[in-house]
Amino acid sequence: MHIAEGFLPPAHAIAWGVAATPFVVQGVRSLTREVREHPESTLLLGASGAFTFVLSALKIPSVTGSCSHPTGTGLGAILFRPPIMAVLGTITLLFQALLLAHGGLTTLGANVFSMAIVGPWAGYAVYRLLKRYDVPLMVAVFFGAFVADLSTYCVTSVQLALAFPDPGSGFPGALAKFGSIFAVTQIPLAVSEGLLTVLVMRLLVQSSKGELTRLGVLLQRGRQASAPRSETEAKA
Amino acid sequence: MSRNAKINALLILLVAALAVLPLALGLGDHKKEPFTGADAQAETAIAELDPEYEPWFSPLYEPPSGEVESALFAVQAAIGAGVLAYYFGLRRGRRQGETRARAAEVTPAGRDEE
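Labelled according to an unreviewed UniProt entry, chain B appears under the name Cobalt transport protein CbiN, originating from Streptomyces solicavernae. Listed in UniProt under the heading Sequence similarities (unreviewed entry), the comment for chain B reads: "Belongs to the CbiN family."

An unreviewed UniProt entry lists chain A under the name Cobalt transport protein CbiM, with Streptomyces solicavernae as the source organism. UniProt lists a comment for chain A under the heading Subunit (unreviewed entry), and it reads "Forms an energy-coupling factor (ECF) transporter complex composed of an ATP-binding protein (A component, CbiO), a transmembrane protein (T component, CbiQ) and 2 possible substrate-capture proteins (S components, CbiM and CbiN) of unknown stoichimetry." Its UniProt record gives chain A a comment under Pathway (unreviewed entry), which states: "Cofactor biosynthesis; adenosylcobalamin biosynthesis."

Structure follows, in structure tokens:
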């Protein structure tokens, strides 16, 4: 989903930068507030950022015969809400733009918008929706991470199709072209990301019950009876 | 192996299978260059849609070769994996410490069953 350096026309690059800025500013505020009010959460924040670091570095073969990488933003969005992920995702993208020539500074706004804003929000929305309907925790986590991953690549396709409409068929034609490169390739990777996010969440449930309860991922004891019985909660 | 560990191992196996199957089944064979990055393919697609387009900015730093680039990607993954491992190691250690402290409170000092 990294749009390469210089590959968006200036007007588009600026527009996406302007669109992304308020989300990142809001994210920095939430992040500083979280660290000030709950210094103990710094470690878990670091772990969420680290998860994005690992997953976005792994280029994995897909069924379309090309390689792509997961985003790792669903986990942090579920744990700390999407604004904080806007910051952690931006840090990851900046690292890759500066050191790996992967993505770029002129396309940072667009890449932040897809991976650090839309992905986390879409994934978080699906996670919350499923939890509201008493879906087991780990199922909600899986689909949250799956959607965060896939929606990121759909946004990238839209961004590129807006910048480079097909000479004949216009925006829809270009969207189909970029969509077939990104979105289809991404489906099995989004499944992988969902599974890996479930794995990390399972480890967190075992190791950091107090933290997850404070963050509202696990319910407090006593309210458990009326709560959805997820597989892990049932075992706990 | 506990049930928990089995489920975790199964999750890892599934992810590995999803990555290996496209390679094993030769799903890239129809391509001239199999398993290139989707990001690079998007650049090619842009060149097809708008042959006149020239990137107007180039990266400040570019890894001099594919090897250096993959090394830097490995560094990125290693940093992330290191932080994650530190987190879970610390949590596990703390939990063990707490359990031990609780056990020491229950059994009078000197008669610690260890």
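Undergrad: Mind laying out the overall build of chain B, listing which residues take part and the relevant values?
TA: Summing up its helical and strand segments, chain B has 3 helices and 0 strands in all. Ordering the α and β elements of chain B from the N terminus gives α-α-α. In summary, chain B has a C-alpha radius of gyration of 25 Å against a globular reference of 13 Å for 114 residues, an excess of more than 25%. If one aligns the C-alpha atoms of chain B with their principal axes, the spans along those axes are about 80 × 40 × 25 Å. Looking at chain B as a whole, 23% of its 114 residues are labelled buried. Of the roughly 8000 Å² of accessible surface on chain B, a fraction of 61% belongs to carbon and sulfur atoms.

Undergrad: Report on the confidence of the model for chain A, specifying residues and quantitative values.
TA: When pLDDT is averaged across chain A, the result is 92; 93% of the residues are at 70 or more. In this model, residues 224-236 of chain A is a region of pLDDT below 50 whose contacts with residues beyond four sequence positions or in other chains number 23 contacts.

Undergrad: Please give an account of a nonpolar patch on the surface that cites residues and values.
TA: There is a patch of nonpolar side chains on the surface, built from Leu94, Leu98, Leu99 and Leu105 of chain A together with Trp56, Phe57, Leu60, Tyr61 and Val68 of chain B and spanning about 740 Å² of accessible area. Of all the elements, helix α4 (residues 82-99) of chain A adds the most residues to the nonpolar patch, at 3 residues. By the element assignment, Leu60 of chain B lies in the loop between α2 (38-49) and α3 (66-106).

Undergrad: Any details on the domain arrangement of chain B? Residues and values, ideally.
TA: Here chain B is partitioned into domain 1 (1-57) and domain 2 (63-114). Here the C-alpha centroids of domain 1 of chain B and domain 2 of chain B sit 31 Å apart.

Undergrad: I'd like a rundown of the layout of surface pockets, residues and numbers included.
TA: Left-over empty space is what a probe sized like a water molecule reveals as it rolls over the atoms. Its boundaries defined by the atoms lining it, the largest pocket holds a volume of some 520 Å³. Around the largest pocket sit 24 residues that line it, and Arg81, Tyr124, Arg128, Leu215 and Gly216 of chain A are the ones nearest its centre. At the level of elements, α1 (10-37), α3 (73-80), α4 and α5 (108-132) of chain A are the ones that each hand at least two residues to the lining of the largest pocket. Taken together, the residues that form the lining of the largest pocket break down as 11 nonpolar, 4 polar and 9 charged. Quantified by volume, the second largest pocket comes out at close to 310 Å³. The set of elements that each furnish at least two residues to the lining of the second largest pocket consists of α7 (170-207) of chain A together with α2 of chain B. When the residues that make up the lining of the second largest pocket are grouped by side-chain class, the tally is 2 nonpolar, 7 polar and 5 charged.

Undergrad: So what about the environment of Ala140 of chain A? Which residues, and what values?
TA: All names here are of chain A. Following the sequence through the fold, Ala140 ends up in helix α6 (residues 137-163). By relative accessible area, which is 0% here, Ala140 ends up buried. Residues Ala140 and Leu129, 11 residues apart in the sequence, show an inter-C-alpha distance of 8.4 Å.

Undergrad: Run through the packing of α3 of chain A against α7 of chain A, naming residues and quoting values.
TA: Residues and elements named next belong to chain A. The geometry of α3 relative to α7 is characterised by a closest axis approach of 9 Å and an angle of 45° between their N-to-C directions. The pairing of α3 with α7 is recorded here as oblique in orientation. The handedness of the crossing between α3 and α7 is right-handed. Contacts between α3 and α7 involve Thr73, Gly74, Leu75, Ile78 and Leu79 from the former and Glu193, Thr197, Val200, Met201 and Leu204 from the latter. Residues belonging to the contact of α3 with α7 are distributed by class as follows: 6 nonpolar, 3 polar and 1 charged.

Cut-offs applied
- Residues numbered from 1 in each chain as written.
- Chains lettered and ligands numbered in written order.
- Predicted model: local features only at pLDDT ≥ 70, side-chain atom pairs only at ≥ 80, totals over all residues.
- Heavy atoms only, no water.
- UniProt positions renumbered as here; feature names shortened; annotations may be inferred.
- Helix = DSSP H or I, 4+ residues; strand = E, 2+ residues; numbered from the N terminus.
- Rg over C-alpha atoms; globule rule 2.2 N^0.38 Å.
- Buried < 20%, exposed > 50% of the residue type's maximum accessible area, 1.4 Å probe, protein only.
- Areas by Shrake-Rupley, 256 points an atom, 1.4 Å probe, with all protein chains shown as cover.
- pLDDT = per-residue confidence, 0-100.
- Contact = heavy atoms within 4.5 Å.
- Patch = residues over 30% accessible without salt bridge, like charges linked within 9 Å, V, L, I, M, F, W, Y side chains within 5 Å.
- Salt bridge = Lys/Arg side-chain N within 4 Å of Asp/Glu carboxyl O.
- Domains from an automatic or database assignment.
- 1 Å grid on protein atoms, 1.4 Å probe; cavity = no way out; pocket = protein on both sides within 12 Å on 5 of 7 lines; lining within 4 Å.
- Points joined across faces, edges and corners; volume = space filled by probe spheres on them.
- Nonpolar A, V, L, I, M, F, W, Y, C, P; charged D, E, K, R; others polar.
- Axes fitted to C-alpha atoms, helices over the stretch in contact; angles between N-to-C directions.
- Parallel < 35°, antiparallel > 145°, perpendicular 65-115°, else oblique.
- Left-handed = near helix turned anticlockwise from the far one by under 90°.

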